[in-house]
Amino acid sequence: MKVVYSLSVSLLIFLIVAETTISFKPFHVSFNRLPLAIGTLLIIAGMMFIEYQGRLNGRALGKNDVMEILKEYESTNHKQTP
């Protein structure tokens, strides 16, 4: 659902930035500012990629930190006596 939402918002932004005109008789679609719209979409895609990479790296770092804390807790405070 998140992908559908982001794609629809991206398409809407593209159509607005490109100043799209649509005529139905005869059917014709024209983009007045196509290079600007493509540049805007490339910038947005780059920002989304950077955010995605940050999430992956952050998740891995968080997992490693939690595992270290659990190992430290297990070795020092969690000694069982029979």
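Residues numbered from 1 in each chain as written. Predicted model: local features only at pLDDT ≥ 70, side-chain atom pairs only at ≥ 80, totals over all residues. Heavy atoms only, no water.

Enquirer: Can you walk me through a nonpolar patch on the surface in this structure?
Expert: Taken together, the side chains of Leu11, Leu15, Ile22, Phe24, Phe27, Val29, Phe31, Leu34, Ile38 and Leu42 present a nonpolar region at the surface, about 980 Å² in accessible area. Of all elements in the fold, only helix H1 (2–17), strand S1 (20–24), strand S2 (27–31) and helix H2 (34–76) reach the threshold of two or more residues within the nonpolar patch. Take isoleucine 38: it is sitting in helix H2. A relative accessible area of 41% means that isoleucine 38 is categorised as partly exposed. (Patch = residues over 30% accessible without salt bridge, like charges linked within 9 Å, V, L, I, M, F, W, Y side chains within 5 Å. Areas by Shrake-Rupley, 256 points an atom, 1.4 Å probe, with all protein chains shown as cover. Salt bridge = Lys/Arg side-chain N within 4 Å of Asp/Glu carboxyl O. Helix = DSSP H or I, 4+ residues; strand = E, 2+ residues; numbered from the N terminus. Buried < 20%, exposed > 50% of the residue type's maximum accessible area, 1.4 Å probe, protein only.)

Enquirer: Is there a simple way to explain unusual backbone geometry in this structure?
Expert: Negative phi is the rule for most residues except glycine; trans is the rule for most peptide bonds. In the segment running from lysine 25 into proline 26, the intervening peptide bond is cis, with an omega of -5 degrees. Mapped onto the fold, proline 26 is located in the loop between S1 and S2. For glutamate 19, which is not glycine, the phi dihedral falls at a positive 50 degrees.

Enquirer: Is there a simple way to think about the packing of H1 against H2 in this case?
Expert: Angle between the axes and distance between the axes: these two values describe a pair of packed helices. At a closest axis distance of 8 Å, the pairing of H1 and H2 adopts a crossing angle of 150 degrees. Relative to H2, H1 is oriented roughly antiparallel. Read as a crossing pair, H1 and H2 show a hand that is right-handed. Counted together, Lys2, Ser10, Ile13, Phe14 and Val17 of H1 and Leu34, Leu36, Ala37, Ile38, Thr40, Leu41, Ile44 and Arg55 of H2 form the full contact between these two elements. (Axes fitted to C-alpha atoms, helices over the stretch in contact; angles between N-to-C directions. Parallel < 35°, antiparallel > 145°, perpendicular 65-115°, else oblique. Left-handed = near helix turned anticlockwise from the far one by under 90°. Contact = heavy atoms within 4.5 Å.)

Enquirer: I tried to follow the pattern of salt bridges on my own but got confused; where do I start?
Expert: Side chains carrying opposite charge are able to pair once their charged atoms draw close together. Counted under the stated rule, the structure contains 1 salt bridge. Note that glutamate 19 is salt-bridged to arginine 33, the shortest N-O span being 3.7 Å. In this pair, glutamate 19 is assigned in the loop between H1 and S1 and arginine 33 in the loop between S2 and H2, connecting sequence segments 14 residues apart. Among the residues examined, glutamate 19 registers a relative accessible area of 37% and is labelled partly exposed. Note on arginine 33: relative accessible area 41%, which makes it partly exposed.

Enquirer: Honestly, the pairing of S2 in this entry has me stumped. Any pointers?
Expert: The side chains of a regular strand alternate between both faces of the sheet. For S1 and S2, the ladder comprises 5 bridges, and the chain directions are antiparallel. Counted as the bridge partner of phenylalanine 24 is phenylalanine 27 from S2. The antiparallel pairing of S1 with S2 creates a hairpin that spans 2 residues between the two strands. (Pairing = 2+ DSSP bridges.)

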